[in-house]
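# Structural overview for review
The primary structure of each chain is shown beneath.
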Amino acid sequence: MKSIVNIAIVFMAIFLLSACATYYQKQTQFQNKFAFGHIEEAKKYLENNAKQAEKKDRLLYFLDRGVVEHMLGNFQESNYYFEEAYLFTQDYRKNFSGDFVEMVANPMLRPYRGEDFEVVLIHFYKALNFIQLDELDDALIEIRRVNIKLNELNDKYEDKKNRYKQDAFAQNLMGMIYEAKGNYNDAFIAYRNAYETYSNSYNEDFQVNCPDQLKKDLIRMAAFNGFRQELEQYQDTFNLKYERTDHTGGELVFFWLNGLGPVKGEFSLNLSTLQGEGGMFTFANEAEGFSIPYNAAANNQSAADFGDLNFIRLAVPKYNSREPLASSAKLYIDSTIKSDLQLAENINSIAKSTLQDRLARELAKSIGRLAIKQATQAAVRKENEELGSLVSIINAVTEKADTRNWQSLPHSIYYQKLPLDTGFHQLKLIVNNSNQSNDTINFEVNIQKGKTHFMSFHSLGSSMPQP
């Protein structure tokens with residue numbers, strides 16, 4: 001018996017060491033190719049590892065493949081993979097959300113289902129693809145799905161805290177699409193909804209103020225629709241005056257995706273146990289500011305299940321930021337028109353807030369499961385020291401946070417809208433880097449009368465993950 005236990009301990013220890021790597025570290029080859037802008041090589045890497053699409057990380061494979069195809073201009077192929085990702089999230093929530101899966105100790109062993117904001121952003125990328133394919137009606141469907149999905153998610157959480165209730169940038173983009181289609185009344189409503197979301201939550205929760213361009217668009221749509229009261233209201237609120245123009249050309253909407261989103265790591269949360277009456281426990285860590293009540297009786301457990309447990313160690317996921325190397329950007333048109341790109345979405349902040357809100361909802365469940373494991377370990381050790389050591393190693397191996405996430409997302413999104421005369425124009429995107437250097441990217445656009453032309457560019461330069 002002793003030799004078997006010793007062998008098992010050795011093998012479990014080896015497994016523990018191999019399991020310490022985060023998902024980001026395991027994806028180093030893809031990350032290096034993608035982050036340095038070698039997008040064709042990143043695509044080949046994914047093609048050569050297509051078996052990932054059949055395994056537990058298949059959602060992340062679909063998401064990365066969708067982004068890579070989008071950046072290569074393969075918009076139909078990109079939407080194919082994003083649709084696969086969307087279908088997986090729908091199937092997962094229907095077929096893999098039972099009690100058994102929730103009881104799997106190591107979350108890395110089960111299929112990754114995506115954070116709420118990641119599921120939402122699938123529709124954002126699909127909308128961008130449809131816009132590039134000049135299929136604006138389909139793009140609108142995807143933007144509506146953003147709102148539908150957010151409503152579904154927040155209805156599920158009832159009164160639980162969740163800051164990501166609405167997406168201001170999606171509402172703003174909806175307004176741009178409606179305006180491009182000539183539906184000015186719907187455009188006004190979408191712009192107004194976007195302004196209210198920026199004002200009511202985005203500026204405080206995600207550090208994004210209402211873009212000046214959105215204020216101008218809201219005033220202009222109020223004027224176009226003859227909404228005199230709203231026009232006066234917003235002119236006073238924004239301290240802006242509507243000036244009618246007889247522009248007969250077209251319009252350019254330019255999106256600048258800056259940097260790379262955060263990556264997940266983990267940290268250990270050591271919690272002391274305080275037992276109350278009626279099966280109530282409090283797990284607390286004063287240094288980290290955690291105090292989590294747990295009702296054992298409500299979870300069909302008794303105080304005896306926890307034995308003489310005094311503390312537990314909980315592995316908790318956390319996002320580590322990758323700060324963009326670029327601090328700002330300007331768009332030059334024919335070397336005469338200069339316009340700043342304006343921040344519209346901070347995906348880095350949304351990711352961190354979403355994870356914090358999820359953990360606040362789920363920590364009590366994780367603590368209860370982990371406390372039972374720790375109490376079992378203590379009970380076994382009293383009967384057999386060697387078996388207790390084996391259980392201890394098993395608990396250590398399985399106590400891992402899920403460090404998987406969609407790592408090809410941008411850190412943030414900026415945009416600008418400009419009316420332009422018909423014909424060809426030379427564009428220069430001047431990206432200002434934090435090291436005082438500038439990058440210049442050249443484009444050409446052919447503006448058609450009465451048509452809105454959408455363009456985008458992703459600056460990938462970012463720092464290594466920072467806590």
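Calculation rules
- Residues numbered from 1 in each chain as written.
- Predicted model: local features only at pLDDT ≥ 70, side-chain atom pairs only at ≥ 80, totals over all residues.
- Heavy atoms only, no water.
- Helix = DSSP H or I, 4+ residues; strand = E, 2+ residues; numbered from the N terminus.
- Polar contact = N/O pair within 3.5 Å; in protein donor to acceptor, adjacent residues only side chain to side chain.
- Contact = heavy atoms within 4.5 Å.
- Expected span 1.5 Å × (residues − 1).
- Buried < 20%, exposed > 50% of the residue type's maximum accessible area, 1.4 Å probe, protein only.
- Pairing = 2+ DSSP bridges.
- Axes fitted to C-alpha atoms, helices over the stretch in contact; angles between N-to-C directions.
- Core = buried A, V, L, I, M, F, W, Y, C linked by side-chain atoms within 4.5 Å.
- Salt bridge = Lys/Arg side-chain N within 4 Å of Asp/Glu carboxyl O.
- 1 Å grid on protein atoms, 1.4 Å probe; cavity = no way out; pocket = protein on both sides within 12 Å on 5 of 7 lines; lining within 4 Å.
- Points joined across faces, edges and corners; volume = space filled by probe spheres on them.
- Nonpolar A, V, L, I, M, F, W, Y, C, P; charged D, E, K, R; others polar.
- Phe/Tyr/Trp six-rings, centres within 6.5 Å; stacked < 30°, edge-to-face > 60°.

To continue, consider the side chain of Asn129. With respect to the secondary-structure elements, Asn129 resides in helix α8 (residues 116–132). A polar atom in the side chain of Asn129 sits 2.6 Å from the side chain of His70. The residues touching Asn129, leaving out its near neighbours within four places in the chain, are His70, Phe75, Ser78, Asn79 and Phe82.

Taking 1.5 Å per residue, 21 residues should reach 30 Å; helix α9 (residues 136–156) reaches 31 Å between its end C-alpha atoms and fits that length. Listing the buried residues of α9 in full gives Leu136, Ala139, Leu140, Glu142, Ile143, Val146, Lys149, Leu150, Leu153 and Asn154.

What follows is about the sheet that holds strand β6 (residues 326–333). Ordered by their spatial adjacency, 4 strands build an open sheet running β7-β6-β10-β11, and the pairing between neighbours is antiparallel. Edge positions in the open sheet fall to β7 (337–340) and β11 (438–447), since each of these has one partner strand only. Across the sheet, the axes of successive neighbouring strands diverge by a mean angle of 25°, strand direction being ignored. Bridging between strand β10 (residues 423–433) and β11 involves 10 bridges; their strand directions are antiparallel. Within β11, the residue paired with Phe424 across the bridge is Asn446.

Moving on to the nonpolar core. Formed by 92 residues in total, the largest nonpolar core has its most connected members in Phe34, Phe117, Tyr198, Phe255 and Trp406. Of the residues forming this core, the biggest block, 10 residues, is contributed by α8. Setting aside its immediate chain neighbours within four residues, Trp406 contacts Leu60, Leu63, Asp64, Val67, Phe82, Glu118, Leu121, Ile122 and Tyr125. If you look at the next biggest cluster of nonpolar residues, it comprises 19 residues, including Ala326, Leu331, Leu429 and Ile441.

The next subject is the pattern of salt bridges. This structure, assessed with the given rule, holds 22 salt bridges. Residue Glu47 is joined to Arg65 by a salt bridge in which the shortest nitrogen-to-oxygen separation is 3.5 Å. Remark: Arg65 occurs in helix α5 (residues 58–71) and Glu47 occurs in helix α4 (residues 39–48); sequence separation between them is 18 residues. With a relative accessible area of 37%, Glu47 lands in the partly exposed category. Asp57 is paired through a salt bridge with Arg404; the nearest N and O atoms lie 2.9 Å apart. Taken as a pair, Asp57 in the loop between α4 and α5 and Arg404 in the loop between α15 (385–398) and β9 (412–420) lie far apart in primary sequence, 347 residues in all. A single burial state applies to Asp57 and to Arg404, both of which are buried. Linked by salt bridges that have partners in common, Lys43, Glu47, Arg65 and Glu69 make up one network.

In the structure shown here, the tally under the stated rule is 1 cavity of 30 Å³ or more. The computed volume of the largest cavity comes to approximately 30 Å³. If you trace the largest cavity, you find it lined by Val120, Leu121, Phe124, Val146, Asp167, Phe169, Ala170 and Glu345. Where the lining of the largest cavity is concerned, the elements lending two or more residues are α8 and α10 (168–181). If one sorts the elements of the lining of the largest cavity by residue count, α8 sits on top with 3 residues. Looking at the lining of the largest cavity, its residues break down into 6 nonpolar, no polar and 2 charged.

Right, let's get into the packing of aromatic side chains. One pass over the full model with this rule turns up 23 aromatic pairs. Residues Phe124 and Tyr125 carry aromatic rings whose centres are separated by 5.5 Å and whose planes lie at 70° to one another, so their mutual orientation is edge-to-face. Note on accessibility: Phe124 and Tyr125 belong to one class, buried. Between the aromatic rings of Tyr202 and Phe206, the centroid separation amounts to 5.0 Å while the plane-to-plane angle is 85°, which identifies the pairing as edge-to-face.

What follows is about the sheet that holds strand β8 (residues 342–346). Within the open sheet, the 4 strands sit side by side as β8-β9-β1-β12. Their pairing is mixed. Among the strands making up the open sheet, the edge pair consists of β8 and β12 (452–459). Mean inter-strand twist for the sheet, computed between neighbouring axes without regard to direction, equals 25°. In the sheet, strand β1 (residues 250–258) pairs with β12 via 8 bridges, with the strands oriented parallel. The residue of β12 that forms the bridge with Asn258 is Ser459. On top of the sheet, helix α12 (residues 212–224) reaches β1, β8 and β9; it is set at about 45° to β9, its chief contact.

Bringing the layout of surface pockets into the picture now. The space that makes up the second largest pocket amounts to roughly 920 Å³. Along the wall of the second largest pocket there are 32 residues; nearest its centre are Glu179, Arg220, Thr245, Glu251 and Pro419. Here the lining of the second largest pocket takes 7 residues from α12, the largest share from any one element.

By themselves, these observations are geometric and do not establish any function.
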